[in-house]
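The chain contents come next:
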Amino acid sequence: FVPMIWGSGFNLNEIKAWSDAHPNDRYVLGFNEPNLTGNHGGSAIPPTAAAEKWHEIEQFAKDNNLSLIAPALNYSPDIVDGVHYSTPDMWMDAWIKAYKDAYGTADIFHHLGISVRDGYGRTV
């Protein structure tokens, strides 16, 4: 099991408590399908908001010796904050740019997260 920071309303104290209780788990998953709305299981986080929150997550991961897995993206029919990020790279490129614009450097993640749907429409 790897914990996921599903949306932007996370509580780092709760994540820290879980991490402390599971010291062998050294990963944390980023946002779940932020380019999809809740209608399709996503967390609907605009890239600029995600960049701000990711900065907090990076510091948390660094302070707790955790490896970060980038947000898991998928192809999307949805509009998030007025924009249709139809392909994973559209949202990812906007997120990386927003992070660089805000913090002057690239965001940090150690692994890529990929959402895959099975033949029944479930994310696996």
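Residues numbered from 1 in each chain as written. Predicted model: local features only at pLDDT ≥ 70, side-chain atom pairs only at ≥ 80, totals over all residues. Heavy atoms only, no water.

Draft legend 1. Highlighting the overall build of the protein chain. When helices and strands are tallied, the protein chain shows 3 helices and 2 strands. From first element to last, N terminus to C terminus, the protein chain shows the α and β order α-β-α-β-α. Its C-alpha radius of gyration of 14 Å places the protein chain within 12% of the 14 Å reference for a compact globule of 124 residues. Along the longest, intermediate and shortest principal axes, the C-alpha atoms of the protein chain span 40 × 40 × 20 Å. In the protein chain, the share of contacts with a sequence separation of at least 24, taken over all contacts with a separation of at least 6, comes to 67%. Between the averaged position of the 8 positive side-chain charges in the protein chain and that of its 15 negative side-chain charges there is a distance of 4 Å. (Helix = DSSP H or I, 4+ residues; strand = E, 2+ residues; numbered from the N terminus. Rg over C-alpha atoms; globule rule 2.2 N^0.38 Å. Contact = heavy atoms within 4.5 Å. Lys, Arg positive; Asp, Glu negative; His and termini not counted. Charge placed at Lys NZ, Arg CZ, Asp CG, Glu CD.)

Draft legend 2. Region of the structure containing the pattern of salt bridges. All told, the structure shown has 3 salt bridges when counted by the stated rule. Across the salt bridge formed by Glu 56 and Lys 53, the nearest N and O atoms sit 3.9 Å from each other. Of this pair, Glu 56 and Lys 53 both sit in helix H2 (residues 47-63), 3 residues apart, which is roughly one turn of that helix. Residue classification places Glu 56 among the partly exposed positions, given a relative accessible area of 32%. In this structure, Lys 97 and Asp 101 form a salt bridge, with 2.6 Å as the shortest nitrogen-oxygen distance. (Salt bridge = Lys/Arg side-chain N within 4 Å of Asp/Glu carboxyl O. Buried < 20%, exposed > 50% of the residue type's maximum accessible area, 1.4 Å probe, protein only.)

Draft legend 3. Spotlight on the confidence of the model for the protein chain. Averaged over every residue, the pLDDT of the protein chain is 89; the share at 70 or more is 92%. Mean pLDDT per element in the protein chain: helix H1 (residues 12-21) is the minimum at 89, and helix H3 (residues 88-103) is the maximum at 96. (pLDDT = per-residue confidence, 0-100.)

Draft legend 4. Layout of the packing of aromatic side chains. For the structure on display, the rule yields 5 aromatic pairs. Relative to Phe 109, the ring of Trp 95 lies with its centre 6.0 Å away and its plane at 25 degrees, an arrangement referred to as stacked. A residue pair is termed long-range when its members are at least 10 positions apart, and Trp 95 in helix H3 and Phe 109 in the segment after H3 qualify at 14 residues. Classification of Trp 95 as buried rests on a relative accessible area of 0%. Classification of Phe 109 as partly exposed rests on a relative accessible area of 27%. An aromatic cluster is built from Phe 31, Trp 54, Trp 91, Trp 95 and Phe 109, whose rings are joined through pairwise contacts. Here Lys 53 stacks its cationic end above the ring of Phe 10, 5.5 Å away from the centre of that ring. (Phe/Tyr/Trp six-rings, centres within 6.5 Å; stacked < 30°, edge-to-face > 60°. Lys NZ or Arg CZ within 6 Å of the ring centre and 35° of its normal.)

Draft legend 5. Here's a closer look at the nonpolar core. Formed by 23 residues in total, the largest nonpolar core has its most connected members in Ile 5, Phe 31, Trp 54, Ile 57 and Trp 95. No other element matches the 6 residues that H2 contributes to this core. Leaving out residues up to four positions away in the same chain, Trp 95 has contacts with Pro 47, Ala 50, Ala 51, Trp 54, Pro 71, Asp 107 and Phe 109. (Core = buried A, V, L, I, M, F, W, Y, C linked by side-chain atoms within 4.5 Å.)

Draft legend 6. Summary view of the packing of H2 against H3. One can describe the packing of H2 onto H3 by two numbers: an axis separation of 8 Å at closest approach and a directional angle of 65 degrees. In the crossing of H2 with H3, the sense of the turn from one axis to the other is right-handed. Two secondary-structure elements touch here, H2 through Pro 47, Thr 48, Ala 50, Ala 51, Glu 52, Trp 54, His 55 and Glu 58 and H3 through Trp 91, Ala 94, Trp 95, Ala 98, Tyr 99 and Tyr 103. For the contact of H2 with H3, the class distribution of residues is 10 nonpolar, 2 polar and 2 charged. (Axes fitted to C-alpha atoms, helices over the stretch in contact; angles between N-to-C directions. Left-handed = near helix turned anticlockwise from the far one by under 90°. Nonpolar A, V, L, I, M, F, W, Y, C, P; charged D, E, K, R; others polar.)

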